[in-house]
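# Commentary on secondary and tertiary structure
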Amino acid sequence: MAMQIKSLEIFMMVVKLGSFSEAAKTLYTVQSNVTSHIKKLETELNVELLHRQNPIQPTRAGVQLYGYAEKILHLQKELLDTFSHNQFTANFPLAIGSMETTAAVRLPSLFSDLQQHTPDFPFALSTAPTRDLIDLVSTSKLDCAFVAHHAPIDGMFNLHVWTEQLVLISSKHVPERLTNEDLIQKRFIAFKQGCSYRKAIDQFLSSHHLPAANVIEMGSLDGIISCVSLDVGLAILPISYVQQSHFAQSVKIHPIDSATAQINTYLIAHRDMSTWATNMHHFVEHVKGMIQQVEEIVV
């Protein structure tokens, strides 16, 4: 039979108290049970663990086993604490996904606050369009992701974190008020298909009864807004990003229709929380606490 944790606990108690009977009393069992566990250990290891004297003393083999038993029981406690979510796991980084805009504008302050409260909390961040992030979370390649969507994602855990105000941006040379004719003549600059803000372009044009845009795909936010400033095309982005960008003074901001203007950012994960890694529970509680603090300030 495999060695039992209980046997190690009983062995350590006998050594600590120097007595089979006192160990039995402390562990609320009978002395014969204590003796049975000790004999079982000695048989499994093919050694004599204790000098049967008064008080009982460990042999050199017993001293060696005592050191191993301490480590095993400590590791067992750490394991149980970890999966009961009492502490985070330092050697298993949380795999977080995010859209580029959220990573640029929102996450630095979130991660700074997280590390102030839990300096050793391990995480890794990767960026991708919303559609890709949903797939990566669904297939357990990411623990969670920050995605933009007008409504919660079906079949997933959704925590509403932020609401972004979208704006149309152009170069300074474009008229203050863009007509449908202006919009038809302009190309749009966006991330590849699957980006929620690219979908907002289609919704915006549809609300003006205009055909789908001619889109130039780019892989970085700075590339998009830089091209906009040089009048290569138009873009739709969160105003929170545009205002903090070093290109902010080089572009013109145009408000857009209220139906298209707002989009939510959700933290998504598997709906079944029993599948979450331990650190995910800690991260969600921290994000919830951050949201509550913001709400209290607003109120």
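Please read all numbers here as calculations on a predicted model, not as lab measurements.

## Considerations on the overall build of the protein chain
- Regarding its fold elements, the protein chain presents 13 helices and eleven strands.
- Against the compact-globule benchmark of 19 Å for 299 residues, the protein chain has a radius of gyration of 30 Å, which places it well outside the compact range.
- Seen through its principal axes, the protein chain has C-alpha atoms that stretch 100 × 35 × 30 Å.
- Counting every position in the protein chain, which comprises 299 residues, the buried fraction comes to 44%.
- Across the protein chain, contacts joining residues at least 24 apart in sequence account for 74% of those joining residues at least 6 apart.

## Quick notes on the UniProt feature "domain: HTH lysR-type" (unreviewed entry) in the protein chain
- The UniProt feature table records "domain: HTH lysR-type" (unreviewed entry) at residues 3-59.
- Secondary structure across residues 3-59 comprises 61% helix and 7% strand; the distance between its end C-alpha atoms is 19 Å.

## Topic: helix α7 (residues 130-138)
- Among all positions of α7, only Thr 130, Leu 133, Ile 134 and Val 137 are buried. The arc enclosing the buried residues of α7, seen along the axis, measures out at 100 degrees, which places them on a common side.
- Within two residues after α7, Ser 140 carries a phi angle of roughly 65 degrees, on the positive side.

## Let's talk about the environment of Pro 255
- Structurally, Pro 255 is set in strand β10 (residues 251-255).
- In this structure, the C-alpha to C-alpha distance between Pro 255 and Ala 23, residues 232 residues apart in sequence, is 76 Å.

## With respect to the pattern of salt bridges
- Inspection of every chain in the model, using the stated rule, returns nine salt bridges.
- A salt bridge links Lys 40 to Glu 44; the nearest nitrogen and oxygen atoms lie 2.7 Å apart. Of this pair, Lys 40 and Glu 44 both sit in helix α3 (residues 31-45), four residues apart, which is roughly one turn of the helix.
- A relative accessible area of 28% means that Glu 44 is categorised as partly exposed.

## Regarding the domain arrangement of the protein chain
- Splitting the protein chain by domain gives domain 1 (5-84), domain 2 (94-162 + 264-298) and domain 3 (164-262).
- Computed from C-alpha coordinates alone, the two centres of domain 1 and domain 2 are separated by 45 Å.

## Some words on the packing of aromatic side chains
- Tallied over the full model, the rule gives six aromatic pairs.
- Measuring from centroid to centroid gives 6.3 Å for Phe 146 and Phe 283, while their planes differ by 85 degrees, and the two rings are edge-to-face. Of the two residues, Phe 146 sits in strand β5 (residues 144-149) while Phe 283 sits in helix α13 (residues 278-298), which places them 137 residues apart along the sequence.
- Judged by relative accessible area, which is 0%, Phe 146 ranks as buried.
- On the accessibility criterion, Phe 283 (0% relative accessible area) is buried.
- What links up through ring pairs into an aromatic cluster is the set Phe 121, Phe 146, Trp 162 and Phe 283.
- Its guanidinium or amino end placed over the ring of Tyr 68, Lys 71 lies 5.9 Å from that ring's centre, counting from NZ or CZ.

Procedures and definitions
- Residues numbered from 1 in each chain as written.
- Predicted model: local features only at pLDDT ≥ 70, side-chain atom pairs only at ≥ 80, totals over all residues.
- Heavy atoms only, no water.
- Helix = DSSP H or I, 4+ residues; strand = E, 2+ residues; numbered from the N terminus.
- Rg over C-alpha atoms; globule rule 2.2 N^0.38 Å.
- Buried < 20%, exposed > 50% of the residue type's maximum accessible area, 1.4 Å probe, protein only.
- Contact = heavy atoms within 4.5 Å.
- UniProt positions renumbered as here; feature names shortened; annotations may be inferred.
- Arc of directions from axis to C-beta.
- Salt bridge = Lys/Arg side-chain N within 4 Å of Asp/Glu carboxyl O.
- Domains from an automatic or database assignment.
- Phe/Tyr/Trp six-rings, centres within 6.5 Å; stacked < 30°, edge-to-face > 60°.
- Lys NZ or Arg CZ within 6 Å of the ring centre and 35° of its normal.

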